[in-house]
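Summary of the model geometry
So the chains spell out like this:
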Amino acid sequence: MEEQGWLGSDDDCLLIDEEPVIIALDDSTDSEQKQSAESETDHQVEVQAMQHFSGLFFRYDFEKEIEFIPITDEQLRELQDIVTGPDNAPLITKYSLTITKKDIRTLTDLSWVNGTVIDFYMNLLIERSQQKEGILPSVYSMNTNFLQRVFEFGFDAVKRWTRKIDVFSKDIILVPVHCNLNHWCMAIIHLKNKTIFYYDSLGDPSDIALNVLQNYIIAESLDKRKVQYDMSGFRIENVLNGPQQTNESDCGVFSCMTAEYITRGKPLTFNQEHMSYFRKKMILEIVHGQLWK
């Protein structure tokens, strides 16, 4: 994959069939939940190995959580209603963003998730960190246009974007990345742990993205705090052993789930088999404006 730029308009990654979208009621949700229960013993063994995964801090109580909250038959019927109807019909307005049925349908089947959905989901992660202050890491997220903007035009093009927020007061800064306009990745600046990690579910590294983010942190500190940010001791790495997709459609879901798990202090133990479940869960979370965990 050539690393020339990252972001485009939402329409660049939008694959919407004009026909009504049908969510199969006999989907793989039950098998995914069964798999979770059957693999509980293996999961316990994974815990110790994954607690130090990529040098990240993980909560020690995550084992008590249900890995996959069951999706009920009633919720499956609700999902069908959610995705049926005119493209421009609004479903929720929050965070100065409106999610329409056209947007939400990018989370169905094997559609490519669009930037509006990802921006909305990142805001849900921010809100959760505020609601669980002192329990979970504090979180801020750049929008899906940020990295392309600073890459193409430099720090001056984005310095006003954080005029109302002190990013250095946060533990984690999420940076969704749209690689070459056709693939979503996730970069995570963990100020508390002194890491900048780049996660690509296709396993491709991006030293360019890491360099841009390192330079941004330095420039942001000089602009807002008037001091040189101390990057000594930082680990700046491409994470090549993270969860990997096995199709060409689920990169956006992988990226969102990487951010969701890490901001919840949880090891990245999901895989391709969980994507159908995550797509449904994300639809319900977005439409109701609240994360399940």
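Our structure is the block above this text.
The rules behind each value
- Residues numbered from 1 in each chain as written.
- Predicted model: local features only at pLDDT ≥ 70, side-chain atom pairs only at ≥ 80, totals over all residues.
- Heavy atoms only, no water.
- Helix = DSSP H or I, 4+ residues; strand = E, 2+ residues; numbered from the N terminus.
- Buried < 20%, exposed > 50% of the residue type's maximum accessible area, 1.4 Å probe, protein only.
- Areas by Shrake-Rupley, 256 points an atom, 1.4 Å probe, with all protein chains shown as cover.
- Pairing = 2+ DSSP bridges.
- Right-handed = clockwise from strand over helix to strand, strands pointing away.
- Phe/Tyr/Trp six-rings, centres within 6.5 Å; stacked < 30°, edge-to-face > 60°.
- Lys NZ or Arg CZ within 6 Å of the ring centre and 35° of its normal.
- Salt bridge = Lys/Arg side-chain N within 4 Å of Asp/Glu carboxyl O.
- Expected span 1.5 Å × (residues − 1).
- Axes fitted to C-alpha atoms, helices over the stretch in contact; angles between N-to-C directions.
- Parallel < 35°, antiparallel > 145°, perpendicular 65-115°, else oblique.
- Contact = heavy atoms within 4.5 Å.
- Nonpolar A, V, L, I, M, F, W, Y, C, P; charged D, E, K, R; others polar.
- Core = buried A, V, L, I, M, F, W, Y, C linked by side-chain atoms within 4.5 Å.
- Arc of directions from axis to C-beta.

**As for the overall build of the protein chain**
Looking only at helices and strands, the protein chain has 9 helices and 7 strands in total. For the protein chain, the proportion of its 293 residues judged to be buried stands at 54%. Roughly 13,500 Å² of accessible area belongs to the protein chain as shown, and the carbon and sulfur atoms make up 49% of that amount.

**Considerations on the pairing of strand β7 (residues 235-239)**
Successive side chains on a regular strand alternate, one facing one side of the sheet and the next facing the other. As judged from the 5 bridges shared by strand β6 (residues 195-199) and β7, these two strands associate in the parallel manner. Within β7, the position partnered with Tyr199 by the bridge is Val239. In this region the chain leaves β6, passes through helix α7 (residues 207-224) and returns to the parallel neighbour β7; the handedness of that crossover is right-handed.

**Remarks on unusual backbone geometry**
One non-glycine residue, Leu181, lies in positive phi territory at about 70 degrees. Judged by its relative accessible area of 35%, Leu181 falls in the partly exposed class. Phi is positive for Lys194, which is not a glycine, with a value near 60 degrees. In this structure, Lys194 sits in the loop between β5 (183-190) and β6.

**Thoughts on the packing of aromatic side chains**
Counting across every chain of the model gives 14 aromatic pairs. Pairing Phe197 with Tyr199 gives two aromatic rings, centres 6.4 Å apart and planes at 80 degrees, and the pair type is edge-to-face. Here the two residues Phe197 and Tyr199 agree in accessibility, since each one is buried. Joined through ring pairs, the aromatic side chains of Phe68, Phe254, Tyr261, Phe270, Tyr277 and Phe278 make up one cluster. The ring of Tyr261 has Arg264 lying over it, and the distance from NZ or CZ to the ring centre is 5.1 Å.

**A word on the pattern of salt bridges**
Tallied over the full model, the rule gives 12 salt bridges. Taking the shortest distance from any N to any O, the salt bridge between Arg235 and Glu237 comes out at 2.9 Å. The class for Arg235 is partly exposed, based on a relative accessible area of 34%. The shortest N-O distance in the salt bridge between Glu285 and Lys281 comes to 3.1 Å. Placement of both Glu285 and Lys281 in helix α9 (residues 275-288) is noted, with a separation of 4 residues, approximately one turn of the helix. Residue class for Glu285 comes out buried when judged on its relative accessible area of 1%. One salt-bridge network, held together by shared partners, links Arg128, Glu260 and Arg264.

**Examining helix α8 (residues 251-263)**
Its 13 residues give α8 an end-to-end C-alpha distance of 18 Å, which sits within 8% of 18 Å, the value for a rise of 1.5 Å per residue. Just downstream of α8, Gly265 is the residue with a positive phi angle, here 70 degrees.

**Points about the packing of helix α6 (residues 146-153) against α7**
Running from N to C, α6 and α7 cross one another at 80 degrees; their axes reach a closest spacing of 10 Å. One finds that α6 runs roughly perpendicular with respect to α7. For the pair α6 and α7, the contacting residues are Phe146, Leu147, Val150 and Phe151 in the first and Ile208, Ala209, Val212, Leu213 and Tyr216 in the second. Here the residues of the contact of α6 with α7 are counted per class, giving 9 nonpolar, no polar and no charged.

**Concerning the nonpolar core**
Counting 76 residues, the largest nonpolar core has Tyr121, Val175 and Ile286 as its most contacted members. The contact partners of Ile286, leaving out residues within four places of it in the chain, are Ile92, Ile99, Ile104, Leu107, Val117, Phe120, Tyr121 and Leu124.

**With respect to helix α3 (residues 73-83)**
Leu76, Leu79, Gln80, Ile82 and Val83 are the residues of α3 that are buried. The buried residues of α3 all sit within an arc of 160 degrees when viewed along its axis, so they share a single face. Exposed side chains of α3 directed beyond 90 degrees from the buried face belong to Glu74 and Asp81. In this fold, the buried residues of α3 make contact with β1 (90-94), α4 (101-104) and α9.

Distances and angles like these do not, on their own, reveal function.
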